[in-house]
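One-letter residues, chain by chain:
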Amino acid sequence: MPLNPDSELARLMATLPQVGKVRWIGLRPARDVAMTPVGIAEARTAGGLAGDRYNSGSGKRGVTLIQAEHLPVIATLSGHPVEPALLRRNVVVSGIPLIALKGRSFRIGEVVLEGTDACDPCSRMETALGAGGYNAMRGMGGLCARIVTGGSFRLGDEVVAL
């Protein structure tokens with residue numbers, strides 16, 4: 001059942017008191033290769049990031065994002081240090097709750113994105129984080145987003161709900 005846009009819950013869900021910041025960007029040029037950290041990314045409308053494995057197709061997963069504030073929690077729950085590249089997401093952001101952007105448009109640099117779905121962990125997290133790594137990430141896997149308007153974004157750019 002859709003949420004009544006005039007409800008108190010809809011008002012609460014639409015309230016974001018601050019903007020976020022891009023803290024890390026990574027691309028994975030092929031399957032089964034390590035992420036490559038970059039300082040700038042080029043987003044293609046209805047596609048993905050130039051140089052990333054997921055750079056074409058339906059675009060529902062054109063960009064994957066994860067919350068910087070969740071990295072230490074995942075590290076604690078898995079018992080292993082966590083570097084952003086290990087979690088295989090394209091963008092690490094801080095200061096804004098990513099899950100609040102699901103179903104909403106938001107801007108990073110020149111790029112307009114739409115949060116399409118939660119980015120649940122995959123079975124590869126067992127290898128990356130050790131036994132229990134999958135469960136350590138559950139509920140903190142981030143957000144998948146579709147690229148509505150392409151362009152570029154950089155480290156330090158703001159993440160702003162539209």
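The notes below deal with the structure included here. This one's a predicted model, so the numbers in the text were calculated from it and none came from an experiment.

## A look at the side chain of Asn 90
- As for its placement among the helices and strands, Asn 90 is situated in the loop between α2 (71-78) and β5 (91-94).
- With a relative accessible area of 5%, Asn 90 lands in the buried category.
- Apart from the residues within four sequence positions on either side, Asn 90 is in contact with Trp 24, Ile 25, Gly 26, Leu 27, Met 35, Leu 49, Asp 52, Gly 62, Val 63 and Thr 64.

## Regarding the pattern of salt bridges
- In total, this model carries 5 salt bridges according to the counting rule given.
- Note that Asp 117 and Lys 102 form a salt bridge whose closest N and O atoms lie 3.6 Å from each other. Of the two residues, Asp 117 is situated in strand β7 (residues 111-118) and Lys 102 in the loop between β5 and β6 (105-108); the sequence distance between them amounts to 15 residues.
- Taking relative accessible area as the criterion, Asp 117 reaches 39% and is therefore assigned partly exposed.
- With a relative accessible area of 44%, Lys 102 lands in the partly exposed category.
- One network of salt bridges, with partners in common, ties together Arg 31, Asp 32 and Arg 124.

Basis of the calculations
Residues numbered from 1 in each chain as written. Predicted model: local features only at pLDDT ≥ 70, side-chain atom pairs only at ≥ 80, totals over all residues. Heavy atoms only, no water. Helix = DSSP H or I, 4+ residues; strand = E, 2+ residues; numbered from the N terminus. Buried < 20%, exposed > 50% of the residue type's maximum accessible area, 1.4 Å probe, protein only. Contact = heavy atoms within 4.5 Å. Salt bridge = Lys/Arg side-chain N within 4 Å of Asp/Glu carboxyl O.

Coordinates in, geometry out; function isn't part of it.
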